[in-house]
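# Observations on the three-dimensional arrangement
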Amino acid sequence: MDLVLLLLVFVPPVVQCYSSGVVLDSCEDMKPRHSGLSPQTGPPPFTVTTEHSSYRPGEEVRVQLQAPASTPFTGFLLQAREVGGRSPVGSYAMAAGPIQLLTCGQTPNSAVSHTSESAKTYIQVKWRSEASGDMKAIQFRASFVQNYNTFWVDVMSPALTLTNDSNGSPSPATPSSSNTTPATTTKEAAPLALSISSADCGVSKVCFSQPSDCDPAVTADCYFLSATMLSTSGAAVRYEMSGSSNGYISFGFSDDQMMGDDDIYICGISSDGLVSVQHAFSTGRTAPQALPLGNVSDVQASVQDNVIRCSFTSMNTISTQRTSGFNKTYHLMFAYGPSNNGRIQFHTGTFTSTDKVDISRPGLVHKAGRPHIIKAHGALMLIAWMTSGSLGMMAARYLKVGNDQKLCGKDVWFVVHVALMSVTVAATITAFILSFSYVKEWSGGVHPVLGCLVLILSVLQPTLALLRCGPQHPLRFLFNWTHSLNGLATKVLSVAAIFTGLKLIDSTMNQWLMKVMGAFVGWEVLFYILLETHLKWKVKSKDATTTLLESKTVTVAVFLMALFFFGNLSVLVALLVGIGMS
């Protein structure tokens, strides 16, 4: 009975002491007084991070304690100490949340701890250095308690160096935001360009770049992404990205090489000119859906000479529609483009990894080219509607008048027209089958809609031709008009489809494929004008012409079409090479 009374008197205060976070007897060694138990020796699933890598005397520094959602902590103790020191320095300010300030080493408010045993995944506090005195580089040290039997001691942040304004050294600006909960966007004002390089690529971090193996510290024409695991448990990853853009750069994790259902991070210039980091989910068809920034900390960003650089630590679980988790493999995607008043626009360039990547395994990631089947699709459509289709339509319209030559009992113009348009329809059907066999589903955007319309009208054209009435039939004019208008509509839609298709694959900064295609169309329009003018003159002069003159007019039309073909061929080769290199 006496033993029970003793337990009732002494045990509750001890239990209350630790659950309430008043752990003053742990100030020096930061070890929880859990009788007979030792701290874990393996890597902790928790991190201690700061918003900057340096500080000034008297400056506030935000400190974040983070844990993955699957492994929360129930208790903690946080101090700032000089590197190698044993005593706490500076002081903390009271903030919202399950926290309290403690006096350690006779310094008021020099430590922070919990107030309850509730599960925690994110704690943010503000620490202020002493305004004067002999301060040195510091580190934030924390102890984390997962449960009574499992705890970690001396989990440290990266060291913060002291920056003194009197010696002319710069220091990072402090963001005006004071939110204690992660937001959708974090803004950083960084007067100096953030330093990002390819050092340790393949050794301690995963690197993905365009051009391959470029170094963003050496050249501005380098689009670069790196991922470094900060703990073997995969709880925290340090991301760095850099690239030239007048709006934003971004990267994402995808289950395939197609945009849509991707977990992405965007580093862009906001409406106030500051660089912000955003978390979003890409649907592939519309603007990305904004997500809460979540467990993201230590954000550093800058923009200089149109080169955007960002780095941050994330403890967010990677999540796409089909897979979730750090220890999974994903295709890496990188995209960049303009923004309008802080809102990102359609990307002007993108590249994707060839294979799926596990970011916990350091390595160099290779960029994927366009799938050969998609390149073949684009090449066939170009050949069909900018070469064979164009020549077939020209033959039907401009070689008919004044040409009575026969081939296999048919007019030569008719044989040429049927042969060329048969090639065009066959190439269109083949290109359509190739694209759908690769994608295996309907993809969003204007391009597939235009492509389907071209296919439908292309198949309809020869079908109506087979069902046409005789040349002397009184309703023959209906077929003639329908055949002509359908051909014209198919031609216009095919050119629009080619333009939208080239825009999807043209990742060059100056969009040279689009410009060459514009010249291609201009070249064809020029020869249509020349041939149409010649046709009008030929029809007008038909009654007065001799057989010899008729022969010469046909020769002129053939010459113009031959000239068009050779010019067309040179531009076609340039576009096909561009598609092959995309």
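Details of the structure are given in the entry above.
Attention here is on the structure that accompanies the text. All residue numbers here refer to positions counted from 1 along the written sequence of the relevant chain. Given that this is a predicted model, residues contribute local features only at a pLDDT of at least 70 and side-chain atom pairs are listed and counted only at 80 or more, while totals for whole chains, interfaces and linings are drawn from all residues. Excluded from the side-chain calculation are hydrogens and water; included are all heavy atoms of the structure.

What follows covers the packing of aromatic side chains. Each aromatic pair joins two rings of Phe, Tyr and Trp (for Trp, the six-membered one) with centres within 6.5 Å, and gets the label stacked for planes under 30 degrees apart, edge-to-face for over 60, and tilted for any other angle. This model, assessed by the stated rule, comprises 26 aromatic pairs. Each member of the aromatic cluster is reached from another via a ring pair, and the members are Tyr239, Phe251, Phe253, Tyr265, Phe312 and Tyr330.

The next thing to look at is the state of the cysteines. In this description, the term disulfide denotes a pair of cysteine sulfurs within 2.5 Å. Inspection of the entire model under this criterion finds four disulfides. The disulfide that involves Cys214 links it to Cys222, with 2.0 Å between the sulfurs. Because the sign of the S-S torsion sets the handedness, a value of about 70 degrees for the bond joining Cys214 and Cys222 places this disulfide among the right-handed ones. One exposure class covers both Cys214 and Cys222, and it is buried. For Cys267, the disulfide goes to Cys310, at an S-S distance of 1.6 Å. Across the disulfide from Cys267 to Cys310, rotation about the S-S bond amounts to roughly 45 degrees, and the bridge is consequently right-handed. Linking Cys267 in strand S17 (residues 262-269) with Cys310 in strand S21 (residues 307-314), this pair joins segments that are 43 residues apart in sequence. Note on classification: 1.4 Å probe, protein chains only; a residue is buried when its accessible area is under 20% of the maximum for its type, exposed when over 50%, partly exposed between these limits. Given a relative accessible area of 0%, Cys267 falls into the buried group. Across the protein, the way the bonded cysteines pair up, counted in sequence order, is 1-2, 3-4, 5-6, 7-8. Strands are runs of DSSP state E lasting at least 2 residues, helices are runs of H or I lasting at least 4, and numbering of each runs from the N terminus.

On to the sheet that holds strand S14 (residues 223-229), then. Strand order in the open sheet formed by six strands is S20-S21-S15-S14-S13-S26, with mixed pairing between adjacent strands. The open sheet is flanked by strand S20 (296-304) and strand S26 (363-365), the only strands paired with a single partner. Pairs of neighbouring strands in the sheet enclose a mean axial angle of 10 degrees, with direction left out of account. At least two DSSP bridges between two strands are required for those strands to pair. Here strand S15 (residues 237-244) runs beside S21; their pairing, made up of eight bridges, is antiparallel. Considered in S21, the bridge of Arg238 is made with Thr313. Interaxial angles span 0 to 180 degrees and are taken between N-to-C directions of axes, which are lines fitted to C-alpha atoms, for helices over the stretch in contact.

Expected helix span is computed as 1.5 Å times (number of residues minus one). With 28 residues, helix H3 (residues 412-439) should cover 40 Å at 1.5 Å per step; its first-to-last C-alpha distance of 41 Å lies within 8% of that length. For H3, the complete set of buried residues consists of Trp413, His417, Met421, Thr424, Val425, Ala427, Thr428, Ala431 and Ser435.

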